[in-house]
Amino acid sequence: PHSTHSVFANILFIPICAQLLHGIYPKLHIHECTIQSYAVIAHGIIGKSYPILGWTQMLLGAIAFRGYCRGETLGQCLAQYIMGSGFVAYGVIMAILLVVGEAWVKQSGRSPEWWDLWIITLWVSHNTFAEHYGSTWSVINMQHTITYCDYVVGWNRGILGIYLALDNQRNVVPGLIIILTGWAMLQHAQALEISTKVHTTFEYTLMLAGLTRIVKICFCTPGYSPSDNGKMAAARAFRHLPPFVSPKILFMSATNEELNYVHNSDMDHITYLLTMFSLAFTLYTLILTLIHLFSTTGRNAQSFPTTGNNIELASSRSPSR
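If you're wondering where the values come from, they're calculated on a predicted model, not measured in any experiment. (Residues numbered from 1 in each chain as written. Predicted model: local features only at pLDDT ≥ 70, side-chain atom pairs only at ≥ 80, totals over all residues. Heavy atoms only, no water.)

A. Highlighting the overall build of the chain. Along the backbone of the chain there are 14 helices and zero strands. Starting at the N terminus, the α and β elements of the chain follow one another as α-α-α-α-α-α-α-α-α-α-α-α-α-α. Burial statistics for the chain: of 321 residues in total, 38% are counted as buried. Taking the contacts inside the chain whose residues are at least 6 apart along the sequence as the reference set, 73% of them involve residues at least 24 apart. (Helix = DSSP H or I, 4+ residues; strand = E, 2+ residues; numbered from the N terminus. Buried < 20%, exposed > 50% of the residue type's maximum accessible area, 1.4 Å probe, protein only. Contact = heavy atoms within 4.5 Å.)

B. Highlighting the pattern of salt bridges. Under the counting rule described, the total for this entry stands at one salt bridge. We note a salt bridge from Lys197 to Glu193, for which the minimum N-O separation is 3.1 Å. One end of the pair, Lys197, and the other, Glu193, are both in helix α10 (residues 193-220), four residues apart, so they sit about a helical turn from each other. (Salt bridge = Lys/Arg side-chain N within 4 Å of Asp/Glu carboxyl O.)

C. Here's a closer look at a nonpolar patch on the surface. A contiguous nonpolar surface patch, about 360 Å² in accessible area, is contributed by Leu20, Ile24, Leu28 and Ile30. Among the structural elements, Leu28 can be located in the loop between α2 (13-24) and α3 (36-66). (Patch = residues over 30% accessible without salt bridge, like charges linked within 9 Å, V, L, I, M, F, W, Y side chains within 5 Å. Areas by Shrake-Rupley, 256 points an atom, 1.4 Å probe, with all protein chains shown as cover.)

D. Layout of the state of the cysteines. Taken as a whole, this structure holds one disulfide when the rule is applied. Two residues share a disulfide in this structure: Cys69 and Cys77, whose sulfurs sit 2.3 Å from each other. The sign of the S-S torsion, about -90°, decides the handedness of the disulfide formed by Cys69 and Cys77: left-handed. (Disulfide = S-S within 2.5 Å.)

E. Structural view of the nonpolar core. Within the largest apolar cluster, 45 residues are counted, with the highest numbers of intra-cluster contacts made by Trp55, Tyr81, Val198, Ile249 and Met252. Going through the elements one at a time, α3, α4 (74-100), α6 (112-130), α9 (173-186), α10, α12 (246-252), α13 (256-264) and α14 (269-296) are the ones with two or more residues in this core. Looking at which element gives the most residues to this core, the answer is α4, with nine residues. Among the domains, domain 1 (1-67) and domain 2 (73-300) are the pair contributing at least three residues each to this core. Not counting residues up to four positions away in its chain, the partners in contact with Val198 are Ala254, Leu259, Tyr272 and Leu273. (Core = buried A, V, L, I, M, F, W, Y, C linked by side-chain atoms within 4.5 Å. Domains from an automatic or database assignment.)

Written as structure tokens, this is what we have:
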């Protein structure tokens, strides 16, 4: 049947063809002093947009597979999937900063929380008004934008965190924002028992992500100054927990249509949740694989160390004789 997934598949031919043309054009070595530089820039921009385009198409495919998001359920689907995709994008950015962005963050002279909080503040500031309907602020609007979406309060905390992150100082505000968001969502009752259990697991997982972020900042990597050349082994292992995408996948898998299907299929919440966690592990593996490929191939291959003594658990001290 006709769906947005099939329409978007046809639209994808435009960036694919544009990427092909912008890749071939510089190889012709014409207009090297005029147009070619712009073609190279466009080639890079289109290439960097592929993860977003691919994620959108995969998401639309999952929606079209079961025929979700039609009629009255469209509003909830848009809210769940757009917000969940934003959470995944936030996790990807955090993974880039925490896994391979150490040198760049040090060079920028700003702590990771400074960049982190700008993302949170801009996102929630936009959604404060995007999620508000009507000309007046009703009780329902206040409940939706403050407790459920945690937007109005979120950008205030973001501004505080940005101020605390000045002069390259680290702070726990991002973790607190995540924890309070999970706690606020935990207070909402659901129609079905399985829906309550799925949402509860998501919210506890979200609060756990915020807690791990606080632990990482306070105990694993308390300093992030440009002159800091050392990094604790515990921090290197712990850095993957905060950006892990499992809460985001659980959030997108908790729409009424999805949970009604699970409920009618007599599937228990444990099976469903473990399936979503497995999907989250697969997605995070894909994210880390793409980050690794970008940092070790192409132009970055020359700067990637290839010696055999750079094992993460290896001690920096010389071996005793």
